[in-house]
Amino acid sequence: TTKERHRRFWMAQTRFLSRLYRTPLVTVAAIRGACPAGGCGMAMCCDHRVMVSSKASKIGLNEVAIGIVPPRYWAKVMQQLIGTRISEKYLIVGKMAGWKEALEVGLVDEVVSKEELLNAARRAATRILKRPYQARAMTKYMLRNDLGKKWENFAEEETELVWRSISD
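Everything numeric here is computed off the predicted structure, so don't read it as measured data. Counting starts from 1 at the beginning of each chain's written sequence and moves along it residue by residue. Given that this is a predicted model, residues contribute local features only at a pLDDT of at least 70 and side-chain atom pairs are listed and counted only at 80 or more, while totals for whole chains, interfaces and linings are drawn from all residues. Excluding hydrogens and water, the side-chain values take into account all heavy atoms of the structure.

Type-normalised accessible area, obtained with a 1.4 Å probe on protein chains alone, sets the label of each residue: buried when under 20%, exposed when over 50%, and partly exposed for intermediate values. Here a strand is any run of E in DSSP of at least two residues, a helix any run of H or I of at least four, and the numbering for each starts at the N terminus. Taken residue by residue, helix H3 (residues 72–82) has Tyr 73, Trp 74, Ala 75, Val 77, Met 78 and Ile 82 as its buried positions. Contacts made by the buried residues of H3 are with helix H1 (3–22), helix H2 (37–45), helix H4 (84–93), helix H5 (99–105), helix H7 (133–153) and helix H8 (155–167). Residue Gly 83 follows H3 closely and has a positive phi angle near 95°. Note on definitions: a residue-residue contact is assigned when non-hydrogen atoms from the two residues lie within 4.5 Å.

Next up, the structure:
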């Protein structure tokens, strides 16, 4: 690709993920198989993550394993989600967690059969939606807005950093 195409893609993707992370809407990720890199980034931005219990189900920021640096704010969201030390262990080697480990460390909130995936995701959304909107939305804002704004404001710089890491 060209540097300009990369820049347009990366800016759009960063805006989308940072806004998904801080939206007041209820968001649930239904994960049916491998969920590496950007898929993991998107899932981590959601309020609840449901994963299928299968051999194919893995989740993680595997960038280092393929020779690139994980995006800074994807790593920060992972730190918020599962803690600094566990995140470091995963990020430094680009580790992907199977469904059992992902549940244990908090990368996913629930594990179900393939047949139950969409129903479980709907139930999770319904449970969250039963809470009063204003209280839920403001709590989410309080917890996520600062990091989400910093992430979006860092998009231009990160675009250049990622380009350098993939174009050398």
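Two strands are said to pair when DSSP picks up at least two bridges between them. As summarised here, the arrangement of the three strands in space is E2-E4-E5, forming an open sheet in which the pairing is mixed. Each edge of the open sheet carries a strand with a single partner, namely strand E2 (34–36) and strand E5 (97–98). The pairing of strand E4 (residues 58–60) with E5 spans two bridges and is antiparallel. Within the sheet, the bridge partner assigned to Lys 58 lies in E5 and is Gly 98. Axes here mean lines fitted to C-alpha atoms, for a helix over just the part in contact, with angles spanning 0 to 180 degrees between N-to-C directions. Its contacts with the sheet place H2 against E2 and E4, and it is angled at close to 90° to E2.

To continue, consider the packing of H3 against H7. Following both chains from N to C, one finds H3 and H7 inclined at 165°, their axes separated by 10 Å at the closest point. With respect to H7, the element H3 is oriented roughly antiparallel. Taken as a pair, H3 and H7 cross one another with a handedness that is right-handed. Contact with H3, carried on its side by Tyr 73, Trp 74, Lys 76, Val 77 and Gln 80, involves Leu 143, Leu 147, Lys 150 and Trp 151 of H7 and no other residues of that element. Charged residues are taken to be Asp, Glu, Lys and Arg, nonpolar residues to be Ala, Val, Leu, Ile, Met, Phe, Trp, Tyr, Cys and Pro, and polar residues to be all remaining types, Gly included. Broken down by class, the residue content of the contact of H3 with H7 amounts to six nonpolar, one polar and two charged. In these notes the angle categories are as follows: under 35 degrees is roughly parallel, over 145 is roughly antiparallel, 65 to 115 is roughly perpendicular, and the rest is oblique. When the near helix sits turned anticlockwise from the far one by under a right angle, the crossing is termed left-handed; a clockwise turn instead gives a right-handed crossing.

Another point: the packing of aromatic side chains. To pair, rings of Phe, Tyr and Trp, with the six-membered ring standing in for Trp, must have centres within 6.5 Å; the planes then decide the type, stacked if under 30 degrees apart, edge-to-face if over 60, and tilted in the middle. Taken as a whole and assessed by the stated rule, the structure comprises five aromatic pairs. Ring centres of Tyr 21 and Trp 151 lie 6.2 Å apart, and the angle between their planes is 65°; this geometry places the pair in the edge-to-face category. A residue pair is termed long-range when its members are at least 10 positions apart, and Tyr 21 in helix H1 and Trp 151 in helix H7 qualify at 130 residues. The burial state of Tyr 21 is the same as that of Trp 151; both residues are buried. Considering the side-chain rings of Tyr 73 and Phe 154, the 5.5 Å spacing of their centres and the 55° angle between planes classify their relative orientation as tilted. Placement of Tyr 73 in helix H3 and of Phe 154 in the loop between H7 and H8 is noted, with a sequence separation of 81 residues between them. The exposure class assigned to Phe 154 is buried, which follows from its relative accessible area of 7%. These aromatic residues form a ring-pair network of at least three members: Tyr 21, Tyr 73, Trp 151 and Phe 154. For a lysine, the NZ atom is tested; for an arginine, the CZ atom; a charge sits over a ring if that atom is within 6 Å of the ring centre and within 35 degrees of the ring normal. Directly above the ring of Tyr 73 sits Lys 76, whose terminal nitrogen or CZ lies 6.0 Å from the centroid. A cation sits over an aromatic face here: Lys 95 above Tyr 90, 5.1 Å from the ring centre.

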